[in-house]
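Below, each chain spelled out in residue letters.
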Number of protein chains: 2
Amino acid sequence: MGDPCGIGPEILAMALRDGAVPGGFVVGDVGVMRRAAAVIGGVPVAVLDAPAEALNAPPRCIPVWQPDGLPAGLAALPWGQVHADAGRAAAVCIRQAVALVQAGQAAALVTSPIHKEALAAAGEPWPGHTELLQDLAGGAPVRMMLANDELRTVLVTIHVSLRRAIEGVTFDAVLSTIRIAHDAARRWGLAAPRIAVAGLNPHAGEGGLFGEEELTVIGPAVQAARAEGIDARGPFAPDTVFMRARHTADHPGEFDMVVAQYHDQGLIPVKYLGVEHGVNVTLGLPFVRTSPDHGTAFDLAGSGRASPASLIAAARLARQLAGG
Amino acid sequence: MGDPCGIGPEILAMALRDGAVPGGFVVGDVGVMRRAAAVIGGVPVAVLDAPAEALNAPPRCIPVWQPDGLPAGLAALPWGQVHADAGRAAAVCIRQAVALVQAGQAAALVTSPIHKEALAAAGEPWPGHTELLQDLAGGAPVRMMLANDELRTVLVTIHVSLRRAIEGVTFDAVLSTIRIAHDAARRWGLAAPRIAVAGLNPHAGEGGLFGEEELTVIGPAVQAARAEGIDARGPFAPDTVFMRARHTADHPGEFDMVVAQYHDQGLIPVKYLGVEHGVNVTLGLPFVRTSPDHGTAFDLAGSGRASPASLIAAARLARQLAGG
């Protein structure tokens, strides 16, 4: 469900009403979803006793399975504001949804946007989805992948300053990222994923002239991955590797995914053609988890004007990665 | 002409043969251009006594104006190799071409690729075109702009490691870049250029959480530019500002140009849709100078297989910026 005060409930309602997520259901509060359904013009909510009932839900309705332990009065919270109950509800839904996936009662997890401050107000120690999911999954290393129809990038470092990102580009971090990307792509059915690794510096350092990290860190990590039988290549010049990996009908991509060294290196190309198509995927978890590539958009919440496009793309990709 | 051992002469020959550069002429060696004409299947070379004759050159020929001072035997140099005479010839042609533009005998300068090592072997102290042109123009500060039909980015820092690029993002460097971008766009005819300034860090630092440069350096430089009457805005999140500036028939760009803080931040989006459309423009010179966004491609030189697309785009943009 995501944060009940953000756009999550209403974009979920739109996606389910329009049949964009066959077999999908909301782990959330029935009252919150009824309010969201009203915002988009009135759509029936189907209250599920068990997740499996979602497969037989009538068309153009919103199937909701409500977990225990949600705070009362969620549907009366004001739109677009940080509230501890909203953060608590979001966390309960995530934990319950993960339990369903781990119990085999759901095939994959798609998360709606949550608000970091609401999560903190609820006393949750996690800055966001990724860290909470990692904890629920036992602490294995995870990586963020951004994907659209043309490009998949997996990030070595994410939400830190560019200075700290450079410090975070270590042999272990790069090799671990390559391994996680490789293992995930194998699980999706790619027999021998072609993984391009971007350099850190302009022209991938131009032989050490514009930086040493390609020679001392990234190159050795690529070689170590290759020694394990992974088809990793690079480091490549960052300004052209994404163009080379871009996959379209008339331009087959040279690689299946690109390992990017820092947030904007990977996200600029994925978002360039339109943010609404980007999907965030967490790699390294023992289950499939995707999410739309946007936040709670508090300024739009309750207006019915938010776009469900990225959420729908996330749900489609989750289905595809789960083999559905 | 560029380096006689690279692809410059043959892509020039293709572009002029095909009428893609009306009124254009080569400042170069007649023998080198005859060799290039032979490589692409035999096209007549028209030897000009004066640049103005280019306007009356017959169609489907290659007009060449040969400057004094070129080394002998250039047309016998092997393709695809570094040679001091090649570097010397390239430098002579650049100096003479600038002299023509400054004397009003040519409207703009389009440079073919040169080779840094050949230039160094010839004893030239300049690492590339930009520095040489800056010197010829009296040392005013210049900036590199990369442009295609959809996007223009102007770079605060260029060919240095990412670590050094961060050090190069100073108040003076950002403000100077904004001013140079503004002045150039005004000369091209934009009355009030809309200039977006990208942040350095993810999410433009998210209020200091992921880095301070937006608060201490970039934001103040944007404000200083605005105080001078420049329509500069930002700093914006780097991962979405290029998408927002992207200008297409069905997606009008929010900005006329984007100031990018480092090489790959600006070049990844410009190159993402295809390197053949990118044009390099030097801003801050007292004349228009463009160049294709690729190098000498020694591995292709003499084969006739190199694409003139970026050179043609560079010539078209030069004409447009010069008001032609």
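Asks: Whenever I open this one, the domain arrangement of chain A confuses me. Can you help?
Replies: Many analyses report the size of an interface as the accessible area lost when the parts associate. Residues and elements named next belong to chain A. Examined at the domain level, chain A breaks down into domain 1 (1-142 + 284-324) and domain 2 (149-273). Relative to domain 2, the C-alpha centre of domain 1 lies at a distance of 31 Å. In this assembly, six residues from domain 1 lie in contact with five residues from domain 2. Regarding the contact of domain 1 and domain 2, the summed buried area is about 540 Å², with carbon and sulfur atoms giving 55% of it. For the pair domain 1 and domain 2, the interface holds one salt bridge. Of the charged contacts, one joins Asp293 and Lys271 as a salt bridge, the two residues approaching to 3.7 Å between their closest N and O atoms.

Asks: I'm lost on the interface of chain A and chain B in this one. Help?
Replies: Taken together, the contact pairs 35 residues of chain A with 35 residues of chain B. In this assembly, chain A packs against chain B so that about 3,300 Å² is buried in total across both faces, 63% of it on carbon and sulfur atoms. With its nearest N and O atoms 3.0 Å apart, the salt bridge here joins Lys271 of chain B to Asp239 of chain A. The tally of links between chain A and chain B comes to 14 residue pairs in polar contact (both at pLDDT 80 or more).

Asks: Before we go on, may I ask you to explain the pattern of salt bridges in this structure?
Replies: Within this structure, the stated rule accounts for 26 salt bridges over all chains. Overlapping salt bridges, with partners in common, bring together Arg163 of chain A together with Glu167 and Glu213 of chain B in one network.

Asks: Would you mind going over helix 7 (residues 171-187) of chain B with me for this structure?
Replies: Residue and element names in this part refer to chain B. Over its 17 residues, helix 7 extends 24 Å from the first C-alpha to the last, a length consistent with the 24 Å expected when each residue adds 1.5 Å. Along helix 7, the residues classified as buried are Ala173, Val174, Leu175, Ser176, Thr177, Ile178, Ile180, Ala181, His182, Ala184 and Ala185. Gly189 sits one or two residues past helix 7 and shows a positive phi near 110 degrees.

Asks: Which parts of the structure should I look at to understand the packing of helix 3 (residues 84-102) of chain A against helix 5 (residues 129-136) of chain A?
Replies: The axes of two packed helices give the description: the angle between them and the distance between them. Residues and elements named next belong to chain A. Remark: helix 3 packs on helix 5, axes separated minimally by 11 Å, with the N-to-C direction vectors making an angle of 45 degrees. On the basis of the axis angle, helix 3 is oblique to helix 5. The handedness of the crossing between helix 3 and helix 5 is right-handed. Contact with helix 3, carried on its side by Ile94, Arg95, Val98 and Gln102, involves His129, Leu132, Leu133 and Leu136 of helix 5 and no other residues of that element.

Asks: Looking at this model, I keep getting lost on the packing of aromatic side chains. Mind explaining?
Replies: Any aromatic ring pair is given by two values, namely how distant the centres are and how the planes are angled relative to each other. Residue and element names in this part refer to chain B. Scanning the entire structure with this criterion turns up three aromatic pairs over all chains. With centroids separated by 5.3 Å and ring planes inclined at 40 degrees, the aromatic side chains of Phe236 and Phe255 adopt a geometry described as tilted. Of this pair, Phe236 sits in strand 8 (residues 232-236) while Phe255 is found in the loop between helix 9 (238-245) and strand 9 (257-260), placing the two residues 19 residues apart along the sequence. Take Phe255: its relative accessible area is 5%, and that puts it in the buried class. Geometry around Trp79 places Arg35 over its ring, the cationic atom sitting 3.8 Å from the centre.

Asks: Mind showing me how you'd approach the relation of the copies chain A and chain B here?
Replies: The operation relating the two chain copies consists of a rotation about an axis and a shift along that axis. For the pair chain A and chain B, the superposition axis carries a translation of 0.0 Å, the fit reaches an RMSD of 0.0 Å, and the rotation angle comes to 180 degrees. On the angle and the small slide along the axis, the relation comes out as a two-fold axis. Taking the C-alpha atom as reference, chain A places Pro269 of chain A closest to the rotation axis, 3.0 Å from it. Comparing interface residues between copies, 100% of those in chain A also sit at the interface in chain B, which points to an isologous, same-surface contact.

Asks: Explanation requested: the sheet that holds strand 9 (residues 257-260) of chain A in the structure shown.
Replies: The strands making up a sheet associate through hydrogen bonds between their backbones, and the pairing can be parallel or antiparallel. Residues and elements named next belong to chain A. Strand order in the open sheet formed by eight strands is 4-11-10-5-6-9-7-8, and the pairing between neighbours is mixed. Strands at the two margins of the open sheet, each flanked by one partner only, are strand 4 (109-110) and strand 8 (232-236). Packing of helix 10 (residues 263-272) onto the sheet brings it into contact with strand 5 (143-147), strand 6 (152-155), strand 7 (195-198) and strand 9, and relative to strand 6 it is tilted by some 165 degrees.

Asks: Please clarify how the packing of helix 7 (residues 171-187) of chain A against helix 8 (residues 213-227) of chain A should be interpreted in this entry.
Replies: Residue and element names in this part refer to chain A. The geometry of helix 7 relative to helix 8 is characterised by a closest axis approach of 9 Å and an angle of 40 degrees between their N-to-C directions. Classified by the angle their axes make, helix 7 and helix 8 are oblique. Our pair here, helix 7 against helix 8, has a crossing hand that is right-handed. Residues Phe171, Val174, Leu175 and Ile178 of helix 7 form the contact with helix 8, whose participating residues are Val217, Ile218, Pro220, Ala221, Val222, Ala224 and Ala225. Taken together, the residues of the contact of helix 7 with helix 8 break down into eleven nonpolar, no polar and no charged.

About the criteria used
- Counting restarts for each chain, with residues numbered from 1 along the sequence as it is written.
- Note on labels: chains are lettered from A, ligands numbered from 1, in written order.
- Local features are withheld for residues below a pLDDT of 70 in this predicted model, meaning they are given only at 70 or higher, and side-chain atom pairs are given and counted only at 80 or more; totals for whole chains, interfaces and linings count all residues.
- Water and hydrogen atoms play no part in the side-chain values, which are based on all heavy atoms of the structure.
- Residue ranges assigned to each domain were obtained from an automatic or database domain assignment.
- By definition in these notes, contact holds between two residues if any of their heavy atoms fall within 4.5 Å.
- By buried area we mean the combined loss of accessible area, with a 1.4 Å probe, across both parts when two parts are placed together.
- Between Lys or Arg on one side and Asp or Glu on the other, a salt bridge is scored when a side-chain nitrogen of the former is within 4 Å of a carboxyl oxygen of the latter.
- We call two N or O atoms a polar contact when they sit within 3.5 Å, provided that within protein one can donate a hydrogen and the other can accept it, with sequence-adjacent residues counted only if both atoms are side-chain atoms.
- Helix and strand assignments come from DSSP, with helices taken as H or I runs of at least 4 residues and strands as E runs of at least 2, each series counted from the N terminus.
- Given a helix with a known number of residues, its expected span is that number minus one, times 1.5 Å.
- The rule is simple: take the accessible area with a 1.4 Å probe, protein chains only, and divide by the maximum for that residue type; under 20% is buried, over 50% is exposed, in between is partly exposed.
- Lines fitted to C-alpha atoms define the axes, with helix axes restricted to the stretch in contact, and inter-axis angles between N-to-C directions lie between 0 and 180 degrees.
- Comment on the angle field: the value is read as roughly parallel under 35 degrees, roughly antiparallel over 145, roughly perpendicular from 65 to 115, and oblique elsewhere.
- Crossings are classed by handedness, with left-handed meaning an anticlockwise turn of the near helix from the far one by less than a right angle and right-handed meaning a clockwise turn.
- Here a pair means two rings of Phe, Tyr or Trp (six-membered ring of Trp) with centres within 6.5 Å. Their orientation is stacked below 30 degrees between planes, edge-to-face above 60, and tilted elsewhere.
- Criterion for a charge above a ring: Arg CZ or Lys NZ at most 6 Å from the ring centre, at most 35 degrees from the ring normal.
- All copies are superposed by least squares; the fitting set is the C-alpha atoms of residues with a pLDDT of at least 70 in both.
- The criterion for strand pairing is that DSSP finds at least two bridges linking the strands in question.
- Residues are grouped as follows: nonpolar covers Ala, Val, Leu, Ile, Met, Phe, Trp, Tyr, Cys and Pro; charged covers Asp, Glu, Lys and Arg; every other residue, Gly included, is treated as polar.

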